[in-house]
Amino acid sequence: MYYAEYAGRAPQFFRIDRPFALESGGELPSLTLAYHTYGSLNAAGDNAIWVCHALTANSDVADWWPGTVVEGGLLDPSKYFIVCANKLGSPYGSTSPITRNPATGEPWYLDFPLVTVRDMVRAYRELRLALGINRIRMIIGGSTGGCQAMEWAIEEPELFDTVALTVTLPKTTPWIVADSEAQRMAIESDPTFYERRIDGGAKGLAAARALSMLIYRNSVAFNRTQHDPEEKLMDFRAAGYQRYQGEKLRRRFNAHCYYRLLQSLDSHDVGRGRGGVAAALRRIAARTVVLAVDTDIMFTEPEVREMAVLLGADYHVIHSDYGHDGFLIETPEITRILKRYL
């Protein structure tokens with residue numbers, strides 16, 4: 001069965017109808033998580049695979065990670081109960097800056113509080129209990145999804161058989177914070193961002209995405225794929241590509257959500273309140289496998305390798321010309337590696 005037969009399904013929704021305290025000191029009066037499942041949970045509740053999605057993805061894994069949700073593949077619905085929940089703050093169905101604030105009856109917009117990665121994981125834990133999952137065979141997280149997977153494996157160390165972390169780190173680096181701030185500055189430069197409207201900040205979001213492409217890819221990828229074979233004075237292919245990427249995200253995402261999600265990424269530090277990163281990582285009891293992309297300039301290979309050493313993890317380096325985005329592009333190689341751990 002091909003993944004396309006699973007892609008495009010409507011999400012399900014899980015509600016917590018009580019105040020949800022946030023790490024920042026605020027609270028959400030209630031919350032909703034949009035989520036997708038594929039396959040069936042067995043009677044023992046122990047055949048689950050949980051996927052934590054990256055920054056601007058949604059809960060439909062079969063849609064954004066083609067070739068994985070397929071019989072015989074990594075996420076085989078005939079064997080496993082695959083779950084992916086849309087993170088808090090995202091515009092794809094979960095509680096976010098564009099959902100209704102019960103106190104006002106209008107969208108939150110800039111009033112939406114800071115939601116940390118740790119908060120996201122606490123919401124997932126409640127969904128896991130509601131679904132009747134007793135054990136998770138493997139949790140898979142790439143990029144910011146890996147931040148979530150790490151947090152959860154620290155919070156519930158006995159829940160997981162295997163933790164698979166791809167192009168991620170235990171603490172957001174100053175390099176990544178600087179990139180996030182540049183993107184937020186781009187959004188803030190759009191005056192409509194401060195207006196209480198669903199499309200506020202759309203042009204700023206497009207500019208922020210163009211900025212982010214420079215860290216998601218690298219010079220190798222741009223120089224190879226955006227080269228102009230003929231001599232030009234203007235209308236360069238690379239310039240058009242940046243505008244295309246910005247417009248594509250503008251059409252499918254939301255500036256207020258993107259702004260808050262970047263802040264969530266900045267807040268990521270598994271060592272906060274746990275005696276530091278090394279002490280926090282020692283709490284993980286599951287077998288761990290760590291994957292890096294050799295050309296990644298966001299979560300660099302030496303930094304990911306250092307985390308793998310702290311974890312005592314199995315470590316794999318994937319070659320890709322596409323930098324950080326290689327974790328979404330080199331699917332056959334990632335599948336080949338991770339299937340061995342199932």
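Here goes a summary of the coordinates provided.

1. Considering the sheet that holds strand E5 (residues 48-52)
Spatially, E1-E4-E6-E5-E7-E8-E9-E10 is the arrangement adopted by the 8 strands of the open sheet, whose pairing is mixed. Looking at strand neighbours, the two that pair on one side only are strand E1 (12-16) and strand E10 (314-318), the edges of this open sheet. On average, adjacent strands in this sheet sit at an angle of 20 degrees to one another, irrespective of strand direction. In this structure, strand E8 (residues 160-166) lies alongside strand E9 (residues 287-293), joined through 5 bridges in parallel fashion. By the bridge assignment for E9, Ala164 is matched with Val289. With respect to the sheet, helix H2 (residues 117-131) is in contact with E1, strand E4 (31-38), E5, strand E6 (81-85) and strand E7 (136-142), its orientation differing from that of E4 by roughly 55 degrees.

2. Examining the pattern of salt bridges
Here the structure, examined in full by the defined rule, presents 27 salt bridges. Note that Glu230 and Lys232 form a salt bridge whose closest N and O atoms lie 3.7 Å from each other. On the basis of relative accessibility, which here comes to 30%, the residue Lys232 falls in the partly exposed class. Across the pair Arg336 and Glu333 runs a salt bridge, and its minimum N-O distance is 2.7 Å. Of this pair, Arg336 and Glu333 both sit in helix H12 (residues 331-339), 3 residues apart, which is roughly one turn of that helix. One salt-bridge network, in which partners are shared between bridges, spans Glu23, Arg118, Arg125, Arg128, Glu151, Glu155, Glu156, Arg272 and Arg274.

3. Remarks on the environment of Asn101
For Asn101, the position within the fold is in the loop between E6 and H2. Under the relative-accessibility criterion, Asn101 is labelled buried at 8%. Along the chain, Asn101 and Gly45 lie 56 residues apart, while their C-alpha atoms are 35 Å from each other. Dropping the residues within four chain positions of it, Asn101 is found in contact with Glu106, Pro107 and Trp108. Within the structure, the side chain of Asn101 is placed 3.0 Å from the backbone nitrogen of Ala103, a separation counted as a polar contact.

4. So, empty space enclosed by the protein
Overall, the coordinates contain 2 cavities of 30 Å³ or more when judged by the stated rule. If you add up the space inside the largest cavity, you get close to 90 Å³. Taken together, 13 residues make up the lining of the largest cavity; nearest its centre are Trp65, Ile140, Gly141, Gly142 and Phe327. Put simply, the parts of the chain that give the lining of the largest cavity at least two residues each are E5, E7 and helix H11 (326-329). If you tally residues by element for the lining of the largest cavity, the top one is E7, at 3 residues.

5. Some remarks on a nonpolar patch on the surface
On the surface, a cluster of nonpolar side chains totalling about 390 Å² of accessible area is made up of Leu233, Met234 and Phe236. By secondary structure assignment, the location of Phe236 is in the loop between helix H6 (219-225) and helix H7 (237-252).

6. Let's talk about the nonpolar core
Ranked by size, the top nonpolar core spans 73 residues in total, and within it Trp50, Trp152, Phe160 and Tyr258 carry the most contacts. Counting residues per element, this core draws most heavily on helix H8 (residues 255-266), which supplies 7 residues. Not counting the four nearest positions on each side in its chain, Tyr258 is found in contact with Leu55, Thr56, Gln183, Ile187, Leu205, Ala208, Arg209, Ser212, Tyr216, Leu249 and Phe253. Trp65, Leu74, Leu75 and Ile334 belong to the second largest nonpolar core, which has 28 residues in total.

7. Quick word on the environment of Phe299
With respect to the secondary-structure elements, Phe299 resides in the loop between E9 and helix H10 (301-311). For Phe299, a relative accessible area of 1% puts it in the buried group. In this structure, the C-alpha to C-alpha distance between Phe299 and Ile176, residues 123 residues apart in sequence, is 8.4 Å. Beyond its immediate chain neighbours, meaning those up to four positions away, Phe299 contacts Ser143, Val167, Thr168, Leu169, Ile176, Val304 and His324.

Definitions and cut-offs
Residues numbered from 1 in each chain as written. Predicted model: local features only at pLDDT ≥ 70, side-chain atom pairs only at ≥ 80, totals over all residues. Heavy atoms only, no water. Pairing = 2+ DSSP bridges. Helix = DSSP H or I, 4+ residues; strand = E, 2+ residues; numbered from the N terminus. Axes fitted to C-alpha atoms, helices over the stretch in contact; angles between N-to-C directions. Contact = heavy atoms within 4.5 Å. Salt bridge = Lys/Arg side-chain N within 4 Å of Asp/Glu carboxyl O. Buried < 20%, exposed > 50% of the residue type's maximum accessible area, 1.4 Å probe, protein only. Polar contact = N/O pair within 3.5 Å; in protein donor to acceptor, adjacent residues only side chain to side chain. 1 Å grid on protein atoms, 1.4 Å probe; cavity = no way out; pocket = protein on both sides within 12 Å on 5 of 7 lines; lining within 4 Å. Points joined across faces, edges and corners; volume = space filled by probe spheres on them. Patch = residues over 30% accessible without salt bridge, like charges linked within 9 Å, V, L, I, M, F, W, Y side chains within 5 Å. Areas by Shrake-Rupley, 256 points an atom, 1.4 Å probe, with all protein chains shown as cover. Core = buried A, V, L, I, M, F, W, Y, C linked by side-chain atoms within 4.5 Å.

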